[in-house]
Amino acid sequence: MAPLSTRLLIQRGRPKSNRLGKIRSLDLSGLNLLSEDLDHTLLGRLKQLQELDLSDNQLETLPADLGLPHLHVLHCANNQLSDVTHLCQFPQLEELSLEGNPFLTVSDSLKVTFLLPELRKFNGKDASTTRSKAESLNRELTTRVATHWKKFMAALSPEEQAQAQADFVKSAVRNVRYGPMSLSEFTQWRVRMISEELVASGGTHARETDMPEGSHKATATQQPRARPVALRRPGDTLLSLSPQKRMCTSLLAPVEGSLVGSDSSQLEPLHFLQCHSKNNSPSDLKTQLWACAFEPAWDEGQAGAASQTVATCGGEAVCVIDCQTGIVLHKYKVPGEEFFSVAWTALTVVTQTGHKKRWNVLAAAGLRGLVRLLHVQAGFCCGLIRGHRKAIATLCFSPTHETHLFTASYDKRIILWDIGTPNQDYEFQARVCEVEFVFSEGSKVSGQRVDGLAFVNEDVVASKGSSLGTICLWSWSQTWQGRGSQPTVAVVVLAWLQWSPTILAYFSLSTCPDKGLVLCGDEQGSVWIYDVRPLLAQRSPPQTAPQAPTQILKWPQPQAMGQTVTKTMVNTVVANPAFTYLTALTDSNIVAIWRRGEP
């Protein structure tokens, strides 16, 4: 591409004029422009320019002095940008597009909201949500920097304090931490700025933000609605239940010695999000949320590492959320799909330079019967498994074989797959390892759909069939030993757990292996918690009577948060390995995140 010229700008400018100073809109997209092609002397003559399109070029950065003081709209999609700090030269910018720049991260999106106080639309969406999350982070960082200032100065004499203020900035950047690692670039950037402001004021003032104040927790304001009769998924047919099951309406009594409580005072509400709504509408109460799973912790190899990143699915979207801040870190959409289940695994991959590294892969599946293996940070699907002819209700990875994936479908089968490891381009070539797991005829779940599946430990699997009021614990090792050369294997049942006798379907269970817990929500807004360690330690034949829950928590209802909806069902609930964060998905399109305190 030849350098920009006055003639080219006049040809591509609007309104038509032979004077650059009259142009208000300029289209420079698709010209293969490099950063050095943006002549600030020439562009600086566009004194009235309000809209500039630089999409589909090869820009790695924007010059710091383009001289466009009245620019309101800037399109820079599909370039090679890796830094957004030079956007501060456009203080009047109201609309910005940066999609398709592979080197920009979530941290850069948050930076944009600080650099551009007038921004209203970002990447085609309302910028207020991103701004609100950035403000929440900023308040917490400001508090932590101020606390660090007091501790830092308290350890010094008055003479040392005058000399050490410059060292405080370095100390704050090194020691003040908040939020997930994926936001560390943003948090360190803000910590440095806050620290410098604090030092400049002599420790008397730390400015939080110049942006308008907003809510730091995304909440959902809802209108009263009718209670649904039953949970239904697309393509469902009505369940055929015996009269006995239809008449079973009361909670099962706990066995002697069990603890069934209703105390939820240990749960501190953090965030209520509506990140799956159609068109981001707060009035969307119809999108159903089905499953969530915590990402493997960054602290590799540490038992009970406190993961705080959770994936949720519902409607056509999969979201990845930081529980501490409530920020939606990533969002993946497939129009026409409805996602029913998500599961994580951590793989060892070899980079193009020959180095090994751990990489967390997210599997998602649903209505179409396809398993998508997602590169979450890059936001694309790097593997596709055509798992079943019918919808996939739930899936989970083996805790001992990181590439082994179990899927349970509407076709009433549980199948094992080996997804393999990706190549250097992060592409999967899954190997078919089809084994069908079935329950023996006459068992409590024979012939039923499996709508819940999770490993309790390296051997024991918990699964749940629709509308039976029980959860099954079965042995993976004993089941696999009985396989032989047969493609169909009968599971070896270890025990049964009592659960709600509701006729409603698709309340997905989860486990907390480090604590030996099984969790499941219900139609009354309760969370059933089972400590199965004593039960599994017995290693005796299956009990005829199901094991009662250890505890039933009455999940705090949205009315306590100033909302007016009727009682909320808990479609699913998961806890991180340390059991410090709980995430629940409700039938009213709300992701509820709670922090569990000490009893």
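Everything quoted here is computed from the prediction, not taken from an experiment.

S.K.: Help me understand the overall build of the protein chain, please; the structure alone is not making it clear to me.
M.R.: Helices and strands together make up the secondary structure of the protein chain, namely nine helices and 32 strands. Expressed as a percentage of the 599 residues in the protein chain, the buried residues total 53%. Restricting the contact set of the protein chain to residue pairs at least 6 apart, pairs at least 24 apart contribute 56%.

S.K.: Could you clarify how one ought to interpret unusual backbone geometry in this entry?
M.R.: Working note: non-glycine residues mostly have negative phi, and peptide bonds are mostly trans. Cis geometry is adopted by the peptide bond preceding Pro15, which originates at Arg14 and carries an omega value of -5°. Structurally, the position occupied by Pro15 is in the loop between strand 1 (13-14) and strand 2 (25-27). Its identity as a non-glycine residue notwithstanding, Asn123 has a phi of 55°, on the positive side. Positive phi, normally seen in glycine, also occurs at Asn589, with a value near 65°. Mapping Asn589 onto the fold places it in the loop between strand 31 (581-586) and strand 32 (591-596). Judged by relative accessible area, Asn589 falls into the buried class, the value being 0%.

S.K.: Please explain the environment of Leu504 as it appears in this structure.
M.R.: If you trace the backbone, Leu504 turns up in the loop between strand 25 (492-498) and strand 26 (509-512). Owing to a relative accessible area of 6%, Leu504 belongs among the buried residues under this scheme. Sequence separation of Leu504 and Asp522 is 18 residues, and the distance between their C-alpha atoms is 8.8 Å.

S.K.: Would you explain the pattern of salt bridges in this entry?
M.R.: Pairing between side chains of opposite charge can happen when their charged atoms approach one another. Summed over all chains, the structure comprises seven salt bridges. A salt bridge links Glu268 to Arg595, with the nearest nitrogen and oxygen atoms 3.1 Å apart. With Glu268 in strand 8 (residues 267-273) and Arg595 in strand 32, the pair connects residues that are 327 residues apart, well separated along the chain. Residue class for Glu268 comes out partly exposed when judged on its relative accessible area of 37%.

S.K.: What is the right way to read the sheet that holds strand 21 (residues 450-455) from this model?
M.R.: Strand pairing in a sheet takes place through backbone hydrogen bonds and is either antiparallel or parallel in direction. What the four strands build is an open sheet, ordered 21-22-23-25; its pairing is antiparallel. Whereas interior strands pair on both sides, the edge strands pair on one side only; in this sheet they are strand 21 and strand 25. The mean angle between the axes of side-by-side strands here comes to 25°, regardless of whether they run parallel or antiparallel. Relative to strand 23 (residues 470-475), strand 22 (residues 460-465) runs antiparallel, the two sharing four bridges. Within strand 23, the residue paired with Val461 across the bridge is Trp474.

S.K.: Teacher, can you tell me more about the confidence of the model for the protein chain here?
M.R.: Low pLDDT marks stretches whose predicted atomic positions should not be read closely. Averaged over every residue, the pLDDT of the protein chain is 79; the share at 70 or more is 79%. Counting interchain partners and residues more than four positions distant, the pLDDT-below-50 stretch residues 207-232 has 72 contacts. Counting interchain partners and residues more than four positions distant, the pLDDT-below-50 stretch residues 236-265 has 48 contacts.

S.K.: Would you mind going over the packing of aromatic side chains with me for this structure?
M.R.: The description of an aromatic ring pair rests on the distance of the ring centres and on the angle between the ring planes. Enumeration over the complete set of coordinates arrives at 14 aromatic pairs. Measuring from centroid to centroid gives 4.9 Å for Trp149 and Phe168, while their planes differ by 85°, and the two rings are edge-to-face. Separated by 19 residues along the polypeptide, Trp149 in helix 4 (residues 128-154) and Phe168 in helix 5 (residues 158-175) bring together distant segments of the chain. Judged on exposure class, the residue Trp149 and its partner Phe168 are both buried. Here Phe406 and Trp476 contribute two aromatic rings whose centre-to-centre distance is 5.2 Å and whose plane-to-plane angle is 90°, an arrangement assigned as edge-to-face. Of the two residues, Phe406 is situated in strand 18 (residues 404-409) and Trp476 in helix 8 (residues 476-481); the sequence distance between them amounts to 70 residues. The exposure class of Phe406 is buried, given its relative accessible area of 2%. Judged by relative accessible area, which is 11%, Trp476 ranks as buried.

S.K.: I keep staring at the nonpolar core and nothing clicks. Help me out?
M.R.: For soluble globular proteins, the rule of thumb is that nonpolar side chains tend to be buried together. Core analysis: the biggest nonpolar cluster contains 63 residues, and Leu54, Leu74, Leu87, Leu96 and Leu98 have the highest contact counts within it. Here this core takes seven residues from helix 4, the largest share from any one element. Once you skip the residues sitting within four places of it in the chain, Leu98 turns out to touch Cys76, Ala77, Leu81, Val84, Leu87, Leu104, Val112, Phe122 and Asn123. Listed in part, the 22 residues of the second largest apolar core include Ala454, Trp499, Phe507 and Leu535.

S.K.: What am I meant to see in the pairing of strand 21 here?
M.R.: Looking down a regular strand, the side chains alternate between one sheet face and the other. With six of its six residues buried, strand 21 lies for the most part within the structure. In this structure, strand 21 lies alongside strand 22, joined through five bridges in antiparallel fashion. Looking at the pairing, Gly452 lines up with Lys464 of strand 22. Where strand 21 folds back onto strand 22 in an antiparallel hairpin, the turn is made up of four residues.

S.K.: How should I be thinking about the packing of helix 4 against helix 6 (residues 184-200) in this particular structure?
M.R.: When two helices pack together, their arrangement is given by the angle between the helix axes and by the axis-to-axis distance. Running from N to C, helix 4 and helix 6 cross one another at 50°; their axes reach a closest spacing of 9 Å. The angle between helix 4 and helix 6 places the two elements in the oblique class. Our pair here, helix 4 against helix 6, has a crossing hand that is right-handed. On the side of helix 4, the interface is formed by Ala134, Leu137, Asn138, Leu141, Thr142, Val145, Ala146 and Trp149, while helix 6 contributes Phe186, Thr187, Arg190, Val191, Ile194, Ser195, Leu198 and Val199.

S.K.: Sorry, what's going on with the packing of helix 3 (residues 106-115) against helix 4 here?
M.R.: For the pair helix 3 and helix 4, interaxial distance at closest approach is 9 Å and the crossing angle is 90°. In terms of orientation, helix 3 and helix 4 fall into the roughly perpendicular class. Between helix 3, through Ser109, Leu110, Thr113 and Phe114, and helix 4, the contact on the second element is made entirely by Thr130, Arg131, Ala134, Leu137 and Asn138. A breakdown of the residues in the contact of helix 3 with helix 4 according to their chemical character gives four nonpolar, four polar and one charged.

S.K.: Sorry if this is basic, but what is going on with the sheet that holds strand 17 (residues 392-397) here?
M.R.: Read from one edge of the open sheet, five strands run 17-18-19-20-24, paired in mixed fashion. Each end of this open sheet is capped by a strand with a single partner; those strands are strand 17 and strand 24 (488-490). On average, each strand axis in the sheet is tilted by 25° relative to the strand beside it, whichever way the strands run. Of the pairings in the sheet, the one linking strand 18 to strand 19 (residues 414-418) comprises five bridges and is antiparallel in character. The residue of strand 19 that forms the bridge with Thr407 is Ile415.

S.K.: For this particular structure, what's the right way to read the environment of Leu373?
M.R.: Assignment of secondary structure puts Leu373 in strand 15 (residues 370-375). Relative accessible area serves as the criterion here: at 0%, Leu373 is assigned to the buried category. Taking the C-alpha atoms as reference points, Leu373 and Ile385, twelve residues apart in sequence, are found 8.2 Å from one another. Discounting residues that sit within four places of it in the chain, Leu373 has contacts with Val361, Leu362, Ala363, Phe380, Cys381, Cys382, Gly383, Ile385, Ile419 and Phe428.

What counts and how
Residue positions are counted from 1 within each chain, in the order its sequence is given. Where local features are concerned, this predicted model is filtered to residues with pLDDT of at least 70; where side-chain atom pairs are given and counted, the filter is 80 or more; whole-chain, interface and lining totals use all residues. Hydrogens and water are ignored here; the side-chain numbers use all heavy atoms of the structure. The secondary structure listing takes helices from DSSP runs of H or I that are at least 4 residues long and strands from runs of E that are at least 2 residues long, numbered from the N terminus. Here the term buried applies to any residue with accessible area under 20% of the maximum for its type, exposed to any over 50%, and partly exposed to those in between, with areas from a 1.4 Å probe on protein chains only. The criterion used for residue contact is that any of the two residues' heavy atoms lie within 4.5 Å. Between Lys or Arg on one side and Asp or Glu on the other, a salt bridge is scored when a side-chain nitrogen of the former is within 4 Å of a carboxyl oxygen of the latter. In this scheme, strands are said to pair when DSSP sees at least two bridges between them. Think of each axis as a best-fit line through the C-alpha atoms, taken over the contacting stretch in the case of a helix, with angles from 0 to 180 degrees between the N-to-C directions. A score between 0 and 100, pLDDT records how confident the predictor is in each residue. Between rings of Phe, Tyr and Trp, where Trp is taken as its six-membered ring, a pair exists when centres lie within 6.5 Å; planes separated by under 30 degrees are stacked, by over 60 edge-to-face, and by other angles tilted. Only buried Ala, Val, Leu, Ile, Met, Phe, Trp, Tyr and Cys residues count toward a nonpolar core, and they belong to the same one when joined by side-chain atoms within 4.5 Å. An angle counts as roughly parallel when it lies under 35 degrees, as roughly antiparallel when it exceeds 145, as roughly perpendicular when it falls between 65 and 115, and as oblique in every other case. Crossing handedness follows the turn of the near helix against the far one: under a right angle anticlockwise gives a left-handed crossing, and clockwise gives a right-handed one. Think of it as three bins: nonpolar holds Ala, Val, Leu, Ile, Met, Phe, Trp, Tyr, Cys and Pro, charged holds Asp, Glu, Lys and Arg, and polar takes everything else, Gly as well.

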